[in-house]
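Structure at a glance
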Amino acid sequence: MKKFIIDADTGSDDAVAILLALLHPQTEVLGITVVSGNVPLAQGITNTLSTIEIAEQDVKVYAGAEKPLVRDYIEIHTLEEFTEHVKSLSPVSASAQSVHGVDGMGDIGIVSKSSKYEETGAVDYLIKTINNNPGEITLVTLGPLTNIALAIKKDPSISSKIDHCYVMGGTSDGTGNVSAAAEFNIWVDPEAAKIVFDSDLQLTMVGWDNSYKYAMLKEDEIEQLRSLNTKLADFSVDIQKVLINLTKEWYDFYGFDLPDPITMAIALDNSIIEESQDLHVIVDTRDGITRGQTIVDYFDIEDKNKNVRVITKSSNDKFMNMLLDLLS
Ligand code: BDR
Ligand code: CA
């Protein structure tokens, strides 16, 4: 069994990613740490608990950072306000409730029966578990990198003790989903991302480009999931309600993309990777239009260490097969 720790800002796509790991037969999820991002921390914890419940599993959930390392964090519920906020180049970070729903789970009324989580923080849990399992932990991050940066700051030795870290964040092709330059998870806490990317962690970056290119579910794929007729498949589609409405408005088709699940799928099965390159990646922490950009040095202009395995192409078929297999 491979030992996984998941760090998530649980919203509608994190939930599906968590399900994949919980249901994968060769994987043991030791714990899930939560961070503010898509939704404020408390809501992220509730969403993580309801996801574990629906999978009928028993995994401990640890509360992490309520705000980014140095930036303030505010809740924004509408797309108009979010767009205005980003365009204002404010240094303040904001939630993605306009994309995932105010509750992060599509606002369809998901409730968690349990409110049991570990208040003793995510950071100490990460440090303790990694030190107790040197070379054995696969860490998968699905939200802003605040918890991981805080853990590395407190105990820098952990970064070389993690077997591998898969990051949903950044982009390999210069596209952004918050601003023209930045992907959400890195944009929320660029200072934390810089600490993580500059550490000696073995890092794989699954950027947002993989999501819109290889993990975009359209009518056919959604129909395939629905035809499984399982509560897990229905849950995975139902909670995308707000994102489905937005996708219709933006791109004029019925569908949604799954950034966190394709990252998790790659962490569970590297054969989903079709093309990757070891490259130097710089996180832009400056305020302004490029805040949170992942600058990928394809031509080695900087002549610096290759700190990241950058995924540039993944298999949509294999990803879909994993979803259908594990949610059945
Ligand atoms: C990432 O940001 C969040 O909205 C998603 O959960 C995903 O982790 C995509 O940019
Ligand atoms: Ca996420």
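The structure reproduced in this document is the subject of the present report. (Residues numbered from 1 in each chain as written. Chains lettered and ligands numbered in written order. Predicted model: local features only at pLDDT ≥ 70, side-chain atom pairs only at ≥ 80, totals over all residues. Heavy atoms only, no water.)

Of the residues making up helix 10 (residues 219-226), those classed as buried are Glu221, Ile222 and Leu225. Seen from one end, helix 10 has its buried residues packed into an arc of 100°, which puts them on one side. For helix 10, the exposed residues lying more than 90 degrees away from the buried face are Glu219, Asp220 and Glu223. Where helix 10 is buried, its residues touch strand 9 (216-218), helix 11 (231-238), strand 10 (255-257) and helix 14 (316-326). (Buried < 20%, exposed > 50% of the residue type's maximum accessible area, 1.4 Å probe, protein only. Helix = DSSP H or I, 4+ residues; strand = E, 2+ residues; numbered from the N terminus. Arc of directions from axis to C-beta. Contact = heavy atoms within 4.5 Å.)

Of the protein atoms, only Asp9 (OD), Asp14 (OD), Asp14 (OD), Leu142 (O) and Asp260 (OD) coordinate the calcium ion (ligand 2), at distances of 2.2 to 2.7 Å. Mapped onto the sequence, the donors of the calcium ion (ligand 2) take the spacing D-x4-D-x127-L-x117-D. Of this pair, Asp14 sits in helix 1 (residues 12-23) while Asp260 is found in helix 13 (residues 259-268), placing the two residues 246 residues apart along the sequence. Asp260 matches Asp14 in its accessibility class, with the two residues each being buried. (Donors = N, O, S within 2.8 Å, 3.2 Å for Na, K, Ca; no water.)

Before going further, it helps to examine the site of ligand 1. For ligand 1, the full set of nearby residues is Asp13, Asp14, Asn38, His100, Leu142, Met168, Asn177, Glu183, Phe184, Asn185, Pro259 and Asp260. Within the contact set of ligand 1, an oxygen atom lies 2.5 Å away from a side-chain nitrogen or oxygen of Asp13. Asn38 has a polar side-chain atom sitting 2.7 Å from an oxygen atom of ligand 1. When isolated, ligand 1 has an accessible area of 280 Å², and the protein chains bury 95% of it. Mapped onto the shell around ligand 1, the elements with two or more residues apiece are helix 1, helix 7 (184-188) and helix 13. (Near = heavy atom within 4 Å. Polar contact = N/O pair within 3.5 Å; in protein donor to acceptor, adjacent residues only side chain to side chain. Areas by Shrake-Rupley, 256 points an atom, 1.4 Å probe, with all protein chains shown as cover.)

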